[in-house]
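Descriptive analysis of the structure
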Amino acid sequence: MKPILSIIIPIYNGAKFLSQAVHCIQQQEQLPKNTEIWLIDDGSTDDTAAIAQQFSVNYYYQPRQGSASARNQGILITQGEFIAFLDVDDLWPPNKLKTHLAVLLAKPEISLVKGLIQEMHLNQSSELRGNQENHIDFEFKGEPYESFHLGATTFRRSIFEQVGLLDETFWYGEDVEWFVRAKDQGVTSVVVPQISLYYRRHLNSLTMQSKQQPLGLTKALHKLLTQRQLLNSPFC
C-alpha cells in the first residue's frame, strides 16, 4: 500500500537523541498505518547506524552534505502524499500529526499546516554524554510562538513541486529561505493555535553552534529580492 504519510528525520551525529525521536513518532495519536519513517544519515560518525537498526525505520546514508541536502533526499525517496520533518533532537506533542492531517484531508486547497513552537533549553545541571539519554534534561523556556520551522509544519507533497526543494547552498537557515519562497508564491497555509513542536536547544545543536543562523532570514530575503530584480529587468 502506498504510504499516505512520510516522516523524514535528518540526522548528523545525533545518536543520543534517536531513540527519543522514534518513540515520539510511535506515540503519535491515530498515526496512519501506511506511514513510512525515513532516517537520512548525513555522514554521521557516531553510533547512528547501529541504533537505527533497533527500530522499524528506513535508513539512508549519504556523505556529509548538509541538512538541506538530507531533507531533499528524503523528499525524493519517500512516497507519501503528506510529508513531515522531525529534527532528531526535537520532539512532537502526541496530537501533532493527527491535528495537521485532519486539516489537510478536509481542505485540499491547503498546501501546508503550521503550529506553534515551544522552546526547551538544556538544564544547566544536565550533560550530553555519549548515548546516555537519562542525562538529557530539558526545561521549557518562554511562551509558544509561530515561526518558520519545518518541524512544526506538515506539508502536502505537491507543494515541493510548486515551490521547489530546499536550497542546498544554505547550510543554515534553509527552512527560512524555503518558507520565504513559498510565501512569495502565494502558497495556501493554515496555522493551528496549538503547540506542534518542542524545539530543544543545546550546545551540540546546529542552531547554537552556528553564528550564521541569524543571517538565514537576511540571506533568504536578499535572494528573493535579487530574483525579483532579475524578473523585472528590461533585459530579460
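In every chain, residue numbers begin from 1 and rise along the written sequence. Local features in this predicted model are restricted to residues whose pLDDT is 70 or higher, and side-chain atom pairs enter the listing and the counts only when it is 80 or higher, whereas totals over whole chains, interfaces and linings include all residues. Hydrogens are left out, water is left out, and the side-chain values use all remaining heavy atoms of the structure.

Overview of the nonpolar core
Core analysis: the biggest nonpolar cluster contains 36 residues, and Ile 7, Leu 18, Ile 25, Leu 86, Val 88, Trp 92 and Leu 197 have the highest contact counts within it. Elements that contribute at least two residues to this core include exactly strand S1 (5-11), helix H1 (15-26), strand S2 (35-42), helix H2 (48-52), strand S4 (82-85), helix H4 (96-106), strand S5 (112-122) and strand S8 (189-201). Helix numbering and strand numbering both begin at the N terminus, where a helix is a DSSP run of H or I of at least 4 residues and a strand a DSSP run of E of at least 2. It is H1 that provides the largest number of residues to this core, a total of seven residues. Here, residues are in contact when the closest pair of their heavy atoms is within 4.5 Å. Residues in contact with Ile 25, not counting those within four places in the same chain, are Ile 7, Ile 9, Leu 31, Ile 37, Leu 86 and Trp 92. Put simply, a nonpolar core is a bunch of buried Ala, Val, Leu, Ile, Met, Phe, Trp, Tyr and Cys residues held in one set by side-chain atoms that sit within 4.5 Å of each other. In this scheme, a residue with accessible area under 20% of its type's maximum is buried, one over 50% is exposed, and one in between is partly exposed, where area comes from a 1.4 Å probe on protein chains only. Of all hydrophobic cores here, the second largest spans 19 residues; its members include Ile 40, Ile 83, Phe 179 and Val 187.

Thoughts on the pairing of S5
With nine of 11 residues buried, S5 lies mostly within the body of the structure. By definition, two strands form a pair when at least two bridges between them are found by DSSP. Direction of pairing for S5 relative to strand S7 (residues 153-156): antiparallel, over a ladder of three bridges. Opposite Val 113, over in S7, you have Thr 154 as the bridge partner. Here S5 runs beside S8; their pairing, made up of nine bridges, is parallel. Bridged to Met 120 within S8 is Arg 200. In the sheet, S5 pairs with strand S6 (residues 138-145) via five bridges, with the strands oriented antiparallel. Each bridged residue has a counterpart across the sheet, and for Glu 119 the counterpart in S6 is Lys 141.

Looking at the packing of aromatic side chains
Working definition: a ring pair exists when centres of Phe, Tyr or Trp rings (six-membered ring for Trp) sit within 6.5 Å. Plane angles under 30 degrees give stacked, over 60 give edge-to-face, the rest tilted. Counted according to the given criterion, the structure contains eight aromatic pairs. Between the aromatic rings of Phe 85 and Phe 160, the centroid separation amounts to 6.3 Å while the plane-to-plane angle is 85°, which identifies the pairing as edge-to-face. Of this pair, Phe 85 sits in strand S4 while Phe 160 sits in helix H5 (residues 158-163), placing them 75 residues apart in sequence. The exposure class assigned to Phe 85 is buried, which follows from its relative accessible area of 1%. Note on Phe 160: relative accessible area 6%, which makes it buried. Ring geometry for Phe 155 and Phe 179: centres 6.2 Å apart, planes at 35°, overall tilted. Here Phe 179 lies in helix H6 (residues 174-184) and Phe 155 lies in strand S7, a separation of 24 residues in the sequence. For Phe 179, a relative accessible area of 5% translates into the label buried.

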